[in-house]
Amino acid sequence: MIKIDGSYGEGGGQILRTSVSLSAVAGEEVTIKNIRKNRPHPGLKPQHMRSIETAALICEAEVEGLYPGSTEIRFSPLEIRGTDATIDIGTAGSIPLLIQCIMPLASVSSGSIKLSIMGGTDVAWSPSVDYLENVTLGALSHMGYRAKLETIARGYYPKGGGIVELTIEPASLTGYDFLRRDEHIYGISHASNLPEHVAKRQAGSAEEILREKGFDCKILVDSSKYLSTGSGINLWSGFIGSVALGERGLPAEKVGSRAAEEIAASLLSGAAVDSHLADQLIPFMGIAGSGSFTTTELTGHLRTNIWVTEQFLDVKFDLKEADGLASVCIR
Ligand SMILES: Nc1ncnc2c1ncn2[C@@H]1O[C@H](COP(=O)(O)OP(=O)(O)OP(=O)(O)O)[C@@H](O)[C@H]1O
């Protein structure tokens, strides 16, 4: 049995998600204690419970300690099988973070995994669905990962109500050396239950800043009426993305400029992948057993995900910092 101290490094929800998923990949039971110890309200929240339940459904795992506020669980996986299920995270719990929990184990499944998931699609402190689709899944496709994601409805904090349909096919992952790609910047500026000019102004200010900095960009505008109210903008170019969300009282131009400044800074750094994709690639590189990238910095999430992955898989990551960039590879 593998024992994980959830207070290690970042000490948040990601240790839990990666541990559960890689426990199924490795076929080893895991005990995780001190869950989310470094967060203001430690222990399991409903969204973490739903992630663990979904992982357990796919790999027929027995789980102990699964209740709100729990700081220790035992997860005993069996076989990873094809699954067709509907999952309701409730309110605006992040759909992309639930998907993050099942992505590594789904890739080694014996059959297709089809999920219809309800919750939040564009929520703070997590990848948006557009980021997941265009940056994360786009990058993983180079390693042989096979998934299709469709956003049926967007869900914003606090009401949620977003719906995403996801299919992941079994795949044999191979290592990939991620190199900087100089591509057009694409984007989507979205708003729900807000005046039409909100999404347009977000896009307009992002375009203006990016053009001033010499980047070509094409940003779609999506103004809709879903269950919840909110707005945001996603930008991506190759393995680099940025996400900004609207807030009450925050001008739409500011939302657009935040996303534009963030992606411009990552692109101008010369890194191959952005700092969020960097931590998200780690479990897949571990499964593939090889690969490399450069990124802007060695974040807490990146170092923590490397540590967790090394606890489950027989791999060793090599980290270096030089010329203002961080590089990560599996020897
Ligand atoms: N703006 C963003 N764009 C893309 N990915 C993001 C963004 N913000 C956060 N992420 C990703 O979301 C994940 C968040 O992990 P974290 O451990 O903080 O989990 P959490 O469940 O949100 O937090 P906690 O449960 O500890 O409150 C990381 O993989 C991180 O890279």
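Residues numbered from 1 in each chain as written. Predicted model: local features only at pLDDT ≥ 70, side-chain atom pairs only at ≥ 80, totals over all residues. Heavy atoms only, no water.

Undergrad: So what's going on with the packing of helix H7 (residues 275–288) against helix H8 (residues 300–312)? Which residues, and what values?
TA: The interhelical angle for the contact between H7 and H8, taken along N-to-C directions, is 15°, at an axis separation of 8 Å. With respect to each other, H7 and H8 are oriented roughly parallel. Where H7 crosses over H8, the handedness of that crossing is right-handed. Facing Ala278, Asp279, Ile282, Pro283 and Gly286 of H7, the residues of H8 in contact are His301, Leu302, Asn305, Ile306 and Thr309. Split by residue class, the contact of H7 with H8 holds 5 nonpolar, 4 polar and 1 charged. (Axes fitted to C-alpha atoms, helices over the stretch in contact; angles between N-to-C directions. Helix = DSSP H or I, 4+ residues; strand = E, 2+ residues; numbered from the N terminus. Parallel < 35°, antiparallel > 145°, perpendicular 65-115°, else oblique. Left-handed = near helix turned anticlockwise from the far one by under 90°. Contact = heavy atoms within 4.5 Å. Nonpolar A, V, L, I, M, F, W, Y, C, P; charged D, E, K, R; others polar.)

Undergrad: An account of the nonpolar core is needed here, citing residue identities and associated values.
TA: Judged by nonpolar contacts, the single largest core of 74 residues is most densely connected at Phe75, Ile99, Met103, Tyr145, Val273, Leu281 and Phe293. Ranked by the residues each element gives to this core, the list is headed by helix H3 (residues 95–107), at 8 residues. Counting contributing residues per domain, this core is built from domain 1 (2–178 + 273–330) and domain 2 (185–268), each supplying no fewer than three. Excluding anything up to four places from it in sequence, isoleucine 99 contacts Ile117, Leu132, Leu149, Val164 and Leu166. Core analysis: the next-biggest nonpolar cluster, separate from the first, contains 19 residues, Ile185, Ile209, Val255 and Leu267 among them. (Core = buried A, V, L, I, M, F, W, Y, C linked by side-chain atoms within 4.5 Å. Buried < 20%, exposed > 50% of the residue type's maximum accessible area, 1.4 Å probe, protein only. Domains from an automatic or database assignment.)

Undergrad: An account of the site of the ligand is requested, with residue identities and associated values reported.
TA: Contacts to the ligand come from 18 residues, most closely from Gly13, Arg36, Arg39, His48 and Asp279. Arginine 36 is positioned such that a nitrogen or oxygen atom in its side chain is 2.6 Å from an oxygen atom of the ligand. Note that an oxygen atom of the ligand is positioned 2.9 Å from one of the side-chain N or O atoms of histidine 301. Coverage of the ligand by the protein chains reaches 89% of its 640 Å² of free accessible surface. Within the residue set of the shell around the ligand, elements represented by two or more residues are helix H1 (13–26), H3 and H7. Taken together, the residues of the shell around the ligand break down into 5 nonpolar, 9 polar and 4 charged. (Near = heavy atom within 4 Å. Polar contact = N/O pair within 3.5 Å; in protein donor to acceptor, adjacent residues only side chain to side chain. Areas by Shrake-Rupley, 256 points an atom, 1.4 Å probe, with all protein chains shown as cover.)

Undergrad: So what's going on with the UniProt feature "domain: RNA 3'-terminal phosphate cyclase insert" (unreviewed entry) in the protein? Residues and values would help.
TA: Taken from the UniProt record, the annotation "domain: RNA 3'-terminal phosphate cyclase insert" (unreviewed entry) applies to residues 184–265. Each end of residues 184–265 is marked by a C-alpha atom, and these two atoms are 15 Å apart; helix forms 37% of the span and strand 37%. (UniProt positions renumbered as here; feature names shortened; annotations may be inferred.)

Undergrad: I'd like to hear about the UniProt feature "binding site: ATP" (unreviewed entry) in the protein, residue by residue, with values.
TA: Here, the residues flagged by UniProt with the feature "binding site: ATP" (unreviewed entry) are Gln100, His276, Leu277, Ala278, Asp279 and Gln280. In terms of the greatest pairwise C-alpha distance, the residues named above, spread along 181 residues, form a tight cluster of at most 13.4 Å across. Checked against the lining of the largest cavity, the annotated residues reduce to Gln100 and Gln280. Relative to the elements of secondary structure, glutamine 100 occurs in helix H3. Setting aside chain neighbours within four positions, we find glutamine 100 in contact with Gln14, Arg17 and Gln280. You can see alanine 278 is positioned in helix H7. By relative accessible area, which is 0% here, alanine 278 ends up buried. What alanine 278 contacts, discounting residues up to four positions off in sequence, is Val273, Phe293, Thr295 and Leu302. (1 Å grid on protein atoms, 1.4 Å probe; cavity = no way out; pocket = protein on both sides within 12 Å on 5 of 7 lines; lining within 4 Å.)

Undergrad: I'd like a rundown of H8, residues and numbers included.
TA: End to end, H8 covers 19 Å across 13 residues, agreeing with the expected 18 Å (1.5 Å per residue, within 8%). Within H8, burial applies to Leu302, Thr304, Asn305, Ile306, Trp307, Val308, Thr309 and Phe312. (Expected span 1.5 Å × (residues − 1).)

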